[in-house]
Amino acid sequence: ELESMKRMEIHAEMDETTRQAREALLEKLRNDPRIIRFLQTEKQDGQFLEQNDGAMGRYLDSLDRCSRCRGLEFCRQPMKGRGLAMHVVDGILEETYVPCRRQQAVMDLRRHRSSYRIFHGDPGDLELSMKSISMEGETPEYMCSYIAAMQSVDKPGGIFLYGQPGTGKTYLLTALANDFARQGLKVSFVKVPLFVQDFRQSLEDPEYRQDMLGHLKFSDVVVLDDLGSEGISKWTRDDILFPVLDYRMQNGKKTYFSSNYTPEELLEKYQPDGDRVASLRLQERIRSLAQPVKMTGSSRRNSAA
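Position numbers for residues start from 1 in each chain and track the written sequence from start to end. Only residues with pLDDT of 70 or above have their local features reported here, since the model is predicted, and side-chain atom pairs are shown and tallied only from 80 upward, although totals for entire chains, interfaces and linings are computed over all residues. Only hydrogens and water are removed before side-chain values are computed, so all heavy atoms of the structure are retained for them.

Caption draft 1: View of the overall build of the chain. Counting from the N terminus, the helices are DSSP H or I runs at least four residues long and the strands are E runs at least two residues long. Of regular secondary structure, the chain possesses twelve helices and eight strands. With the radius of gyration taken over C-alpha atoms, the globule rule is written as 2.2 Å times the number of residues to the power 0.38. Here the C-alpha radius of gyration of the chain, 30 Å, is well above what a compact globule of 305 residues would show, namely 19 Å. Based on the C-alpha atoms only, the size of the chain along its principal axes is roughly 100 × 50 × 35 Å. Within the chain, the fraction of its 305 residues that count as buried is 40%. Note that accessible areas follow from Shrake-Rupley with a 1.4 Å probe, and for residues the cover is restricted to the protein chains shown. Within the structure as shown, the chain displays about 17100 Å² of accessible surface, and the carbon and sulfur contribution to it stands at 51%. Only protein chains enter the area calculation, which uses a 1.4 Å probe; residues under 20% of their type maximum are buried, those over 50% are exposed, and those in between are partly exposed.

The structure is reproduced here in structure tokens:
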């Protein structure tokens with residue numbers, strides 16, 4: 001009997017604690033301008049607030065987490081970049097998580113991802129654009145490369161950027177590819193070593209290989225990044241690169257290249273079997289598709305090449 005009385009006292013204390021906590025929460029909600037504004041907008045009263053005090057408390061917590069936002073990297077929401085939104089539908093309170101303005105801005109910058117047939121880049125790379133590249137402090141040589149890239153937009157052909165690693169070739173061509181994708185063009189941005197590796201590993205899936213080659217042939221704009229750094233063989237030259245570049249040349253498809261090697265060095269690299277004629281045929285298509293532009297300048301990021 002004594003033990004039963006103790007349990008009753010504990011439950012009574014818990015009930016009283018819960019009641020006091022709820023009253024404190026309701027008092028806080030009743031006096032918060034944001035909750036008052038919500039009730040006015042949704043045409044609800046104090047009774048509605050009492051019936052939904054738990055949900056409205058969560059809503060207030062979500063608003064508080066966003067009130068002193070220092071950026072997405074510091075987001076304190078349970079779902080990064082998304083805050084709790086409340087709406088009343090037929091008298092029932094509905095909760096949804098919606099992107100905040102910062103997250104929405106990022107989503108807007110990356111919306112063109114659907115225009116890519118192939119994209120060998122990080123999600124953050126999708127935010128780049130030619131306008132976002134600052135020329136402040138850049139060398140005249142780098143500015144010339146940037147201008148050549150910009151001028152190529154309204155010309156039939158692309159450009160062939162070559163130079164030492166770290167000069168920003170990938171960075172520049174990624175920004176350019178994004179701008180084409182934002183126009184709704186179908187774009188393939190391909191890191192050649194990665195593409196060749198993937199192609200080798202899909203020997204038993206001819207349909208997949210055909211699809212990938214089709215993307216490179218038929219995309220409105222193709223960027224072949226880091227050309228010459230793949231495992232070069234007669235097969236990669238004659239069965240992958242040549243048919244793709246020959247089709248794009250014959251059909252006037254806009255094509256861009258980057259390489260750590262000069263055109264002359266590539267001519268030597270693409271004859272692993274000693275077949276200089278085959279290498280020359282490949283180089284002729286590159287020259288037909290893109291204007292060679294030497295790239296110099298300071299590195300923009302560790303992964304730029």
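Caption draft 2: Inspection of the packing of helix α10 (residues 234-250) against helix α12 (residues 276-289) at higher detail. Every axis corresponds to a line fitted to the C-alpha atoms, with the helix fit spanning only the stretch in contact, and the corresponding angles, defined between N-to-C directions, vary from 0 to 180 degrees. Relative orientation of the contacting elements α10 and α12 amounts to 35°, with a least axis distance of 9 Å. Regarding α10 and α12, the two cross each other, and that crossing is left-handed. Mapping the contact onto sequence places Arg237, Asp238, Leu241, Phe242, Leu245, Asp246, Arg248 and Met249 in α10 and Ala278, Ser279, Arg281, Leu282, Arg285, Ile286, Ser288 and Leu289 in α12. Crossing handedness is read from the near helix: turned anticlockwise from the far helix by less than a right angle, it gives a left-handed crossing, and turned clockwise, a right-handed one. It only takes one pair of heavy atoms within 4.5 Å for two residues to be counted as in contact.

Caption draft 3: Seen up close, empty space enclosed by the protein. Method remark: on a 1 Å grid restricted to protein atoms, a set of points is classed as a cavity if a 1.4 Å probe fits but cannot get out and as a pocket if it is open with protein on both sides within 12 Å along at least five of seven lines; lining residues have an atom within 4 Å of a point. Grid points are joined across faces, edges and corners, and a volume is the space filled by probe spheres set on the points. Across all of its chains, the model carries one cavity of 30 Å³ or more by this definition. In this structure, the largest cavity spans a volume of roughly 30 Å³. Listed by contribution, the elements that provide at least two residues to the lining of the largest cavity are α8 (192-201) and α10. Looking at the lining of the largest cavity, the element that brings in the most residues is α8, giving three residues. Tallied by class, residues from the lining of the largest cavity come to eight nonpolar, no polar and no charged. Side-chain classes are defined by residue name, with Ala, Val, Leu, Ile, Met, Phe, Trp, Tyr, Cys and Pro counting as nonpolar, Asp, Glu, Lys and Arg as charged, and the others, Gly among them, as polar.

Caption draft 4: A look at the sheet that holds strand β6 (residues 221-225). Strand pairing is assigned whenever DSSP identifies at least 2 bridges connecting the two strands. Reading across the sheet, the six strands line up as β3-β5-β6-β7-β4-β8 and stay open at both edges, with parallel pairing between neighbours. Whereas interior strands pair on both sides, the edge strands pair on one side only; in this sheet they are β3 (116-119) and β8 (290-294). Taken over all neighbouring pairs, the strand axes of this sheet differ in orientation by 15° on average, direction set aside. Where strand β4 (residues 158-162) and β8 come together, five bridges link them in parallel fashion. Bridge assignment links Phe160 to a residue of β8, and that residue is Pro292. Lying on the sheet, helix α6 (residues 140-152) is in contact with β4, β7 (254-259) and β8; it crosses β4 at an angle near 160°. On the sheet, α12 packs against β4, β7 and β8 and is oriented at approximately 85° with respect to β8.

Caption draft 5: Representation of the pattern of salt bridges. Salt-bridge detection follows one rule: a side-chain nitrogen of Lys or Arg within 4 Å of a carboxyl oxygen of Asp or Glu. Across all of its chains, the model carries 14 salt bridges by this definition. The residue Asp238 makes a salt bridge to Arg237 at a minimum N-O spacing of 2.7 Å. Residue classification places Arg237 among the buried positions, given a relative accessible area of 0%. Each of Lys234, Arg237, Asp238 and Asp273 takes part in one network of salt bridges that share partners.

Caption draft 6: Inspection of the pairing of strand β1 (residues 82-89) at higher detail. Bridge analysis of β1 against strand β2 (residues 92-99) gives eight bridges, and the strand direction is antiparallel. Within β2, the position partnered with Leu84 by the bridge is Tyr97. Turn length for the β1-β2 hairpin, with the two strands adjacent in sequence and antiparallel, is two residues, and the turn residue Asp90 shows positive phi of about 55°.

Treat this as a map of the structure, not an account of what it does.
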